[in-house]
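Coordinate analysis (summary)
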Amino acid sequence: MRGHPTLATFAATTALLACASCSGTSEPTPGARTPSTATTRTATVPAGPLTLTRGQGFDRAGAFTSLMTCDDPRDYSPGLNFANVPTGTRELALTMIDLDTHKIHWLQLGITPATPGIRAHHLLPGAREALNDFGEATYDGPCPPHGKTHRYQLTLYAIHEPIPASFDGSTPPARTLQEIKRRAFASAVLVVPYTRR
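Predicted model, so just to flag it, every value in this text is computed and none were measured.

About the cut-offs
- Residues numbered from 1 in each chain as written.
- Predicted model: local features only at pLDDT ≥ 70, side-chain atom pairs only at ≥ 80, totals over all residues.
- Heavy atoms only, no water.
- Helix = DSSP H or I, 4+ residues; strand = E, 2+ residues; numbered from the N terminus.
- Buried < 20%, exposed > 50% of the residue type's maximum accessible area, 1.4 Å probe, protein only.
- Contact = heavy atoms within 4.5 Å.
- Phe/Tyr/Trp six-rings, centres within 6.5 Å; stacked < 30°, edge-to-face > 60°.
- Lys NZ or Arg CZ within 6 Å of the ring centre and 35° of its normal.

**Quick notes on the overall build of the chain**
Per the secondary structure count, the chain includes one helix and 12 strands. Put simply, the chain runs from its N terminus to its C terminus through helices and strands in the order β-β-β-β-β-β-β-β-β-β-β-α-β. Put simply, the chain has 197 residues, and 47% of those count as buried. Within the chain, contacts between residues separated by at least 24 positions form 73% of all contacts whose residues are at least 6 apart in sequence.

Structure representation (C-alpha cells):
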C-alpha cells in the first residue's frame with residue numbers, strides 16, 4: 001500500500017473498526033500495517049477447487065470500499081478468504097491486475113498454504129510483496145479516472161515450488177507474474193469493480 005513501511009518496521013496495531021458499508025466486515029485501524037499470524041489448518045483433502053472470496057474492504061455490492069483505493073490516503077490492501085488449497089501446494093501467491101489498463105497493482109509471494117486468508121492491511125509472516133507497475137513493492141489500490149469504473153482481477157495461485165527470494169522489490173513486475181504463472185498448478189479468480197466519483 002502506498003507510502004507504508006516495510007514488514008520489518010510494522011507497528012503492532014491489530015484493532016479493527018466496524019464498517020457499516022462493508023456488509024458486516026470490518027476495516028483496520030488507521031496506522032502502520034502489522035503482520036498476522038497464520039492459522040494452522042488440519043491436513044484434510046480439499047472439498048473442491050481452490051477458492052478466493054471477499055473479506056474486509058468490500059461494500060454490499062461487492063465493490064472495493066474507498067479505504068482500499070487511492071481515494072483514501074491510507075490505501076489499504078483488502079482482506080481475502082482462501083479455501084480448498086490443493087494438496088502439494090508449497091506456497092500461495094496473490095496478484096491484482098486492472099483489467100482495463102492491464103497494470104499490475106499487487107504481487108504478493110510466499111503466502112503459507114496453511115492460512116485461511118489474509119486480513120486487510122496485514123502481511124503474513126514469511127510473505128513478501130514484489131515490485132508492481134507503479135514502481136513500488138507494495139499494494140497500490142484501484143485508481144481509475146474520475147467518473148469511470150475499472151475492474152480489478154485478484155488471482156490466488158497455488159505454487160508447487162517456492163518462488164526464489166531473488167524475485168523481490170527490484171524484479172520487473174511482468175517477469176514476477178510470469179514466474180508465478182509458470183510455477184502455479186491451480187488458481188482462483190475474483191473480479192472486483194471500483195467506480196471513482
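There's plenty left to go through after this.
**Considerations on the packing of aromatic side chains**
A complete count under the given rule lists three aromatic pairs for this structure. Centroid distance F58 to F64: 5.3 Å. Interplanar angle 35°. Geometry classified as tilted. Relative accessible area serves as the criterion here: at 2%, F64 is assigned to the buried category. An angle of 80° between the planes, with centres 6.1 Å apart, marks the rings of F64 and Y152 as edge-to-face. Residue F64 is found in the loop between β4 (51-54) and β5 (80-83), and its partner Y152 is found in strand β11 (residues 149-159); the two are separated by 88 residues along the sequence. With respect to class, F64 is no different from Y152; both count as buried. Connected via pairs of aromatic rings, a cluster forms that spans F58, F64 and Y152. Here the basic side chain of R54 rests over the ring of F58, its NZ or CZ set 5.8 Å away from the ring centre. The side chain of R74 reaches across the aromatic face of Y76, ending 6.0 Å from its centre.

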